[in-house]
Amino acid sequence: MRLNRTLLSASLIVVALVVQVSILARLQLPGAVPDLLLLTVLALAMVYGPTGGSLVGFGAGLLADLAPPADHAVGRYALVLCVVGYLAGLAKPEGGKLRSATGPLVVVVGAAIGSTLLYAGVGALVGDTAAREVGLGGLLFTASLYDLLLAPFTVPWIMALARRGEHDPVADASGGGGDVAAGWLTSGGAKGLAIGRQRGLRARAMKSRVARAGRIKGVKRL
């Protein structure tokens, strides 16, 4: 199950990063770039919980730090998404099913604002002043707006895929198949024994009848 979870998370993260770098980043939208990678981490975190969310966030952020055209220090976005993934995992719904869309949308807005502030704060510590030049207020507004508009088309579907990946259909099928096979073997064996006994009794009855008939004929012949 953990292997399936890892493969599914890695696949979703890679697809989200490729779409973000090759499509969303080239739209030339004012302000921030729609962060599909962040939404993917949020959706997985709300299914896997805080520990799984932090691990998924760290892996996704590290992949984004290494993917071209990266213009910041390696590990910066990994730290941001690790913290965001952990906090989003705390908002995991009971039973893993969403009862309303309000909670995830609040998480998306909070994560968009929090990740932007944390990214800018870490950049300020390492001497990166790009956020000041662009305008932090505009980045916060546009990041929240873009992620909020994109969330309904991504977060529910990713959460559904993650929940489906939590269950191992192969193992369930094999387990159920084994029980069914055992039941069939048991019932089949009992039926076979019953049929065998019935055939044996019939054969014995036929032999006794033939023997009796032979004796009767022999008596008549005598």
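Figured I'd write up the structure that's included with this text. Please read these numbers as outputs of a predicted model, since none were measured by experiment. (Residues numbered from 1 in each chain as written. Predicted model: local features only at pLDDT ≥ 70, side-chain atom pairs only at ≥ 80, totals over all residues. Heavy atoms only, no water.)

## Comments concerning the overall build of the chain
Assigned secondary structure in the chain consists of eight helices and zero strands. Put simply, 74% of the contacts in the chain that link residues at least 6 apart link residues at least 24 apart. When the accessible surface of the chain is totalled, it reaches about 13900 Å², and 68% of it is carbon and sulfur. (Helix = DSSP H or I, 4+ residues; strand = E, 2+ residues; numbered from the N terminus. Contact = heavy atoms within 4.5 Å. Areas by Shrake-Rupley, 256 points an atom, 1.4 Å probe, with all protein chains shown as cover.)

## Side note on the packing of aromatic side chains
Using the criterion set out here, one finds one aromatic pair in the structure. Ring geometry for Y77 versus Y119: centroids 5.9 Å apart, planes at 85°, classification edge-to-face. Here the residue Y77 occupies a position in helix α3 (residues 76-89), and Y119 occupies one in helix α4 (residues 102-125), the gap between them amounting to 42 residues. The aromatic ring of Y48 is capped on one face by R5, whose charged end is 4.4 Å from the ring centroid. Of note, R76 hangs over the ring of Y119, and the distance from its end group to the ring centre comes to 3.8 Å. (Phe/Tyr/Trp six-rings, centres within 6.5 Å; stacked < 30°, edge-to-face > 60°. Lys NZ or Arg CZ within 6 Å of the ring centre and 35° of its normal.)

## Looking at the packing of helix α2 (residues 36-66) against α3
When two helices pack together, their arrangement is captured by the angle between the axes and the distance separating the axes. The N-to-C vectors of α2 and α3 enclose an angle of 175°; their axes lie 7 Å apart at closest approach. One finds that α2 runs roughly antiparallel with respect to α3. (Axes fitted to C-alpha atoms, helices over the stretch in contact; angles between N-to-C directions. Parallel < 35°, antiparallel > 145°, perpendicular 65-115°, else oblique.)

## Considerations on the nonpolar core
One finds L37, L38, L42, L44, Y77, L81 and V155 to be the most contacted residues of the largest nonpolar core, which totals 34 residues. Elements that contribute at least two residues to this core include exactly α1 (2-22), α2, α3, α4 and α7 (155-166). Ranked by residue count, the leading element in this core is α2, at 15 residues. For L44, the contacting residues outside a window of four places in its chain are S9, L12, V56, I158 and A162. (Core = buried A, V, L, I, M, F, W, Y, C linked by side-chain atoms within 4.5 Å. Buried < 20%, exposed > 50% of the residue type's maximum accessible area, 1.4 Å probe, protein only.)

## Quick word on the layout of surface pockets
Taken as a whole, the second largest pocket holds about 270 Å³ of empty space. Forming the boundary of the second largest pocket are 13 residues, of which R5, T6, S9, L55 and V56 lie nearest the centre. Every element with two or more residues in the lining of the second largest pocket is listed here: α1 and α2. A total of seven residues in the lining of the second largest pocket trace back to one element, the largest contributor, which is α2. (1 Å grid on protein atoms, 1.4 Å probe; cavity = no way out; pocket = protein on both sides within 12 Å on 5 of 7 lines; lining within 4 Å. Points joined across faces, edges and corners; volume = space filled by probe spheres on them.)

## Points about a nonpolar patch on the surface
Together, L79, V83, Y86, L87 and L90 make up a nonpolar patch on the protein surface, roughly 470 Å² of accessible area in all. With respect to the helices and strands, L90 occurs in the loop between α3 and α4. (Patch = residues over 30% accessible without salt bridge, like charges linked within 9 Å, V, L, I, M, F, W, Y side chains within 5 Å. Salt bridge = Lys/Arg side-chain N within 4 Å of Asp/Glu carboxyl O.)

## Quick word on helix α6 (residues 136-150)
Between its terminal C-alpha atoms α6 stretches 21 Å, which fits the 21 Å expected from 15 residues at 1.5 Å a residue. Among the residues making up α6, those that are buried are L139, L140, T142, A143, S144, Y146 and D147. (Expected span 1.5 Å × (residues − 1).)

## Some thoughts on the side chain of D65
Along the chain, D65 turns up in helix α2. One buried charged residue, D65, remains without a salt bridge, the closest side chain of opposite sign being R76 at 7.4 Å. At 3.4 Å, the side chain of D65 and the backbone nitrogen of R76 are in polar contact. (Lys, Arg positive; Asp, Glu negative; His and termini not counted. Polar contact = N/O pair within 3.5 Å; in protein donor to acceptor, adjacent residues only side chain to side chain.)

## Some points on the environment of V126
Inspection of the secondary structure puts V126 in the loop between α4 and α5 (130-134). Here the alpha-carbon distance between V126 and R76, two residues 50 residues apart in the chain, equals 9.6 Å.

## Structural notes on the packing of α3 against α4
Packing of α3 against α4 leaves a shortest axis separation of 10 Å and a crossing angle of 150°. As summarised for this structure, α3 and α4 are arranged roughly antiparallel, according to the angle between their axes. For the crossing formed where α3 meets α4, the hand is right-handed. Contact residues: R76, Y77, L79, V80, V83, V84 and A88 in α3; V107, A111, S115, L118, Y119, A120, V122 and G123 in α4. Split into classes, the residues belonging to the contact of α3 with α4 amount to twelve nonpolar, two polar and one charged. (Left-handed = near helix turned anticlockwise from the far one by under 90°. Nonpolar A, V, L, I, M, F, W, Y, C, P; charged D, E, K, R; others polar.)

## A look at α4
Across its 24 residues, α4 extends 34 Å between first and last C-alpha, which sits within 8% of the 34 Å expected from 1.5 Å per residue. P104, V107, V108, A111, A112, S115, T116, A120, V122 and G123 are the residues of α4 that are buried. At the C-terminal side of α4, G127 shows a positive phi close to 90°.

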